[in-house]
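Here is how the chains run, residue by residue.
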Amino acid sequence: MYKDLPRNPEFAAEQKMHDDFERLQNITKVLEEMGFQVIEHPTPDILENPTSEAGFPIVRDGLDGIRASYTKDRGLVIWFANSFEDRDNPRRKEVVERLNEEGLL
């Protein structure tokens, strides 16, 4: 279906950003369902902001946090801060498992 459409890099980049924003919204929804307090609900302009490359917080759990960053090249990247950086952290494992189940990581 899409293979017959002319290739337009600007449209493709815009569509990728739209898809990544939708994924970010779904991630925050799942994290809220898991009992995390979402710091700020994302708005579409968050991915267009130049500071999004450095990363922005999604949730904070005490000193631990889940952050996201976005670049046009890499797209949306979810990462963990403080003790959530430890892959053996039980709460991190729970988050990764749930987001994988939902097809969001």
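A.B. asks: Account for the confidence of the model for the protein chain, naming residues and giving values.
C.D. replies: When pLDDT is averaged along the protein chain, the result is 85; 90% of the residues meet or exceed 70. The lowest-confidence element of the protein chain is strand S2 (residues 56–61), averaging 84 in pLDDT; the highest-confidence one is helix H2 (residues 90–101), averaging 94.

A.B. asks: Residue-level account of H2, with values.
C.D. replies: The first and last C-alpha atoms of H2 sit 16 Å apart over 12 residues, in line with the 16 Å expected at 1.5 Å per residue. For H2, every residue scored as buried is listed here: Arg92, Val95 and Leu99. For H2, the angular spread of buried residues about the axis comes to 60°, placing them on one side. Projecting away from the buried face of H2 at angles above 90 degrees are the exposed residues Pro90, Glu97 and Glu101. For H2, the N-terminal cap is Asn89; the gap from its side-chain oxygen to the backbone nitrogen of Arg91 is 2.9 Å. Directly beyond the C-terminal end of H2, a positive phi value near 70° is found at Gly103.

A.B. asks: Go over the pattern of salt bridges, please, and point to the residues and values.
C.D. replies: On inspection of all chains with the given rule, the structure shows five salt bridges. Taking the shortest distance from any N to any O, the salt bridge between Asp20 and Arg23 comes out at 3.7 Å. Pair noted here: Asp20 and Arg23 are both in helix H1 (residues 9–33), with a separation of three residues, about one helical turn. Across the pair Arg98 and Glu102 runs a salt bridge, and its minimum N-O distance is 3.5 Å. Using a relative accessible area of 22% as the deciding quantity, one classes Arg98 as partly exposed. Judged by its relative accessible area of 42%, Glu102 is partly exposed. Members of the salt-bridge network, linked through shared partners, are Lys16, Asp20 and Arg23.

A.B. asks: Can you lay out the packing of aromatic side chains for me, pointing to particular residues and giving the numbers?
C.D. replies: Taken as a whole, this structure holds two aromatic pairs when the rule is applied. Pairing Phe36 with Phe84 gives two aromatic rings, centres 6.3 Å apart and planes at 80°, and the pair type is edge-to-face. Within this pair, whereas Phe36 is found in the loop between H1 and strand S1 (37–38), its partner Phe84 is found in the loop between strand S4 (75–81) and H2, the two being separated by 48 residues in sequence. Across the pair, Phe84 and Phe36 agree in class, each one buried. In textbook terms, an aromatic cluster arises when at least three aromatic residues are bridged by ring pairs, as seen for Phe36, Phe80 and Phe84.

What counts as what
Residues numbered from 1 in each chain as written. Predicted model: local features only at pLDDT ≥ 70, side-chain atom pairs only at ≥ 80, totals over all residues. Heavy atoms only, no water. pLDDT = per-residue confidence, 0-100. Helix = DSSP H or I, 4+ residues; strand = E, 2+ residues; numbered from the N terminus. Expected span 1.5 Å × (residues − 1). Buried < 20%, exposed > 50% of the residue type's maximum accessible area, 1.4 Å probe, protein only. Arc of directions from axis to C-beta. Polar contact = N/O pair within 3.5 Å; in protein donor to acceptor, adjacent residues only side chain to side chain. Salt bridge = Lys/Arg side-chain N within 4 Å of Asp/Glu carboxyl O. Phe/Tyr/Trp six-rings, centres within 6.5 Å; stacked < 30°, edge-to-face > 60°.

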